[in-house]
Amino acid sequence: MTDPVKDAAGAPEIDVDQLPGGARAALEAVLMVIDEPASEIELATALSLPVDTVRALLLDLQCDYDGGASSGGLPAAAPRGFELRNIAGGWRIFSRSDFAPLVSAFVLEGQTARLTQAALETLAVIAYRQPVSRARVSAIRGVNVDSVVRTLTQRGLIEDSGTDPETGAILYRTTSYFLERLGIGSIGELPEIAPHLPGLENLSEYDDASL
Amino acid sequence: MTDPVKDAAGAPEIDVDQLPGGARAALEAVLMVIDEPASEIELATALSLPVDTVRALLLDLQCDYDGGASSGGLPAAAPRGFELRNIAGGWRIFSRSDFAPLVSAFVLEGQTARLTQAALETLAVIAYRQPVSRARVSAIRGVNVDSVVRTLTQRGLIEDSGTDPETGAILYRTTSYFLERLGIGSIGELPEIAPHLPGLENLSEYDDASL
Amino acid sequence: MTLTPAGEMPAGRPPPIQETVPAGPDSDRKAAGFAVTLDNFSGPFDLLLGLISKHEMDITEVALSRVTDEFISYIRGLQADGDDKALDEASEFLVIAATLLDLKAARLLPTGEVEDDEDIALLEARDLLFARLLQYKAFKEIAALLGQRLAREADRFPRQVSLEPHFAALLPELIWRTPLAEFAALAAKALEPKEPAPTQVGLSHLHAPPVSVKEQAAILGARLQAGGPLSFRSLTADADGTLVVVARFLALLEMFRDAVIAFDQAAPLGELTVRWTGPDAEWTGENLSEEYEDTPMPETAAEGTEETHD
């Protein structure tokens, strides 16, 4: 991605401020055509605006859609049926969850079956131990995870991230689609695992030694 | 997409007025995520509201997005970056045409004229297994193919060919544009890839010369 | 006291044993599933594990044979109901049970009376096994959290519409440079049946030879058929390493399941005695039900074994 500031210098023609609704509406127009989260840098490049400006506009739109008072001085209102969210490294429009029963009748496709308990546990281990081999996940879960790993890969939640230089085993990591499905921005936002390990402060020692 | 009319009949009673933003926001939620224009009847059925009410709400939203005063008594404002249009008997949200140059530039950014390896492989699987669901292609390729299928559809190489009667999943097939690009007259002219693969018995025999 | 792999049970499945446990699609996972009733503990397995891990309960007080007994009838109940979760639960239970058995064996060694290398190995393995149990539990809890988040997120639908026709028309004309034959080769490669990737990749450095549960079952079967009841201790006296002990325990569970042996344990601290109750002649290790064959016993156990050698 090129530097939007520099781009803006040589950028053509379009002065978003001259358009009806200005930069804010221009941002909305772009958000209407993306089919995956768009980063602030991508959006800034498209609009030939500084990233900071774009971020401020995005937050303003987010607040606006949620029914808050916008910086434009408009009064607070009822929330819109959609929301603008920053997840998995980018911004994207979603239908508001309150309306899920209505919306799901229209968008059957893309609805995914719920994960089994086995799949959830395997996903949890991979999320917290990535990059990690199947053998190691098996060791933690105590059961063979081959078929579950295959399912998670097919569903796009995890992916191959190379091989272990020592053992040659394939290592797995979670994908950005995983972040999206979880509604978080990065792996760092996963819930802390430490509170779930009472009385075992030095687990990591055992863990590293055993695996 | 299932028949929303039928679906709604058995749907749990949702009182849209109880939800934040009411029926208007509910309508927005649906409009924001549908891919195909939805008719007033479909929308009315989903919302359990009279068609007239829904039509009035749609016109109100349209006016609102265009920056006009809404019936809610809100003052006129700047138009939004999107607009609600009634085309071919249905309603859908589009990016506002004023921003087309900007949106075009964004859409073209990063677009290449060549298919990625992943796209080619997915296309190959669809060509030899059509009609086939995304889930099946995912299972064959071992990775999630959702975004690649979207790209192939966008490029006009594959298309929706109805739904699987059993699972309801959308089935995909290749298009005549695909045949054109590949330089063949029909699917039957695809080289036979293995004598024992099921479903290929009827393919015309191709000699090794073509391989 | 009672051991119950409650954590292993799927949410929403009412435990058949413990009527008091609330059930329902969204009932707490800890409350669902298998619960057992022992002399000094009644309740879900997770709770018992918790007590043991906080040292509020002594692992040596747990009558594993009773737990196993109740678990097997629980699993039979599931199977009778046609619940396909039964196998999953059974294999997870085996792992937990094997771990508990190791813990118990380690705890039962009187301090200062360590006599051979195997005893030392068991003692060293004890803390490691605790760690494993707790880690396993932690991931189960985290998995439940992830499940809740995924379910909540599934109510939001992303705008993901196809490109408006006038934008799609702007896309550069596709450059197609793939010859027909190459295209067919791509399809052939993608469609060719794939060998499932081996599970054992990268484990060779652990030096732990895989132990076959079937083989161990055959050994145990022969011994039990030859004489009278034998204690678990004597049945595992010649086992060279934790791995073989665990394999023999699994073998006994399977043999019990096939109703060819019975367990006796007089008191919580008493010896576990195994009796042959099956047919005299026809039975061999090959008769074992196939169902648990996928249990990655060697791999799991190898981890602990490896640790003790370091």
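Look above for the structure.
Worth saying up front: this structure is predicted, and the values here are computed from it rather than measured.

Comments concerning the pattern of salt bridges
Under the counting rule described, the total for this entry stands at 32 salt bridges over all chains. Its salt-bridge partner being E121 of chain B, residue R141 of chain B comes within 3.0 Å of it at the nearest N-O pair. You can see R141 of chain B sitting in helix α7 (residues 134-141) and its partner E121 of chain B sitting in helix α6 (residues 117-129), a full 20 residues away along the chain. A salt bridge links E173 of chain C to R181 of chain B; the shortest N-O distance between them is 3.2 Å. Linking E173 of chain C in the loop between α5 (165-168) and α6 (180-191) with R181 of chain B in helix α9 (residues 176-182), this pair reaches from one chain into another. Classification of R181 of chain B by relative accessible area gives partly exposed; the value is 21%. One connected set of salt bridges, linked through shared partners, spans D66, E83, R85 and R96 of chain A together with E153 and R156 of chain C.

Quick look at the interface of chain A and chain B
At the junction of the two partners, chain A supplies 45 residues and chain B supplies 51 residues. Overall, the association of chain A and chain B removes approximately 4100 Å² of surface from exposure, summing both partners, and the carbon and sulfur fraction of that is 72%. Seen at the junction of chain A and chain B, the total is five salt bridges. Salt-bridge contacts for R80 of chain A lead to E28 of chain B; the nearest nitrogen and oxygen are separated by 2.4 Å. In this assembly, chain A and chain B are joined by nine residue pairs in polar contact (both at pLDDT 80 or more). Every element with two or more residues in the side of chain A that touches chain B is listed here: α2 (22-31), α3 (40-47), α4 (51-65), β2 (90-95), α5 (100-106) and α8 (146-154) of chain A. Counting residues per element, the side of chain A that touches chain B draws most heavily on α2 of chain A, which supplies seven residues. Looking at side-chain class alone, the side of chain A that touches chain B contains 28 nonpolar, eight polar and nine charged residues.

What counts and how
- Residues numbered from 1 in each chain as written.
- Chains lettered and ligands numbered in written order.
- Predicted model: local features only at pLDDT ≥ 70, side-chain atom pairs only at ≥ 80, totals over all residues.
- Heavy atoms only, no water.
- Salt bridge = Lys/Arg side-chain N within 4 Å of Asp/Glu carboxyl O.
- Helix = DSSP H or I, 4+ residues; strand = E, 2+ residues; numbered from the N terminus.
- Buried < 20%, exposed > 50% of the residue type's maximum accessible area, 1.4 Å probe, protein only.
- Contact = heavy atoms within 4.5 Å.
- Buried area = accessible area lost by both parts, 1.4 Å probe.
- Polar contact = N/O pair within 3.5 Å; in protein donor to acceptor, adjacent residues only side chain to side chain.
- Nonpolar A, V, L, I, M, F, W, Y, C, P; charged D, E, K, R; others polar.

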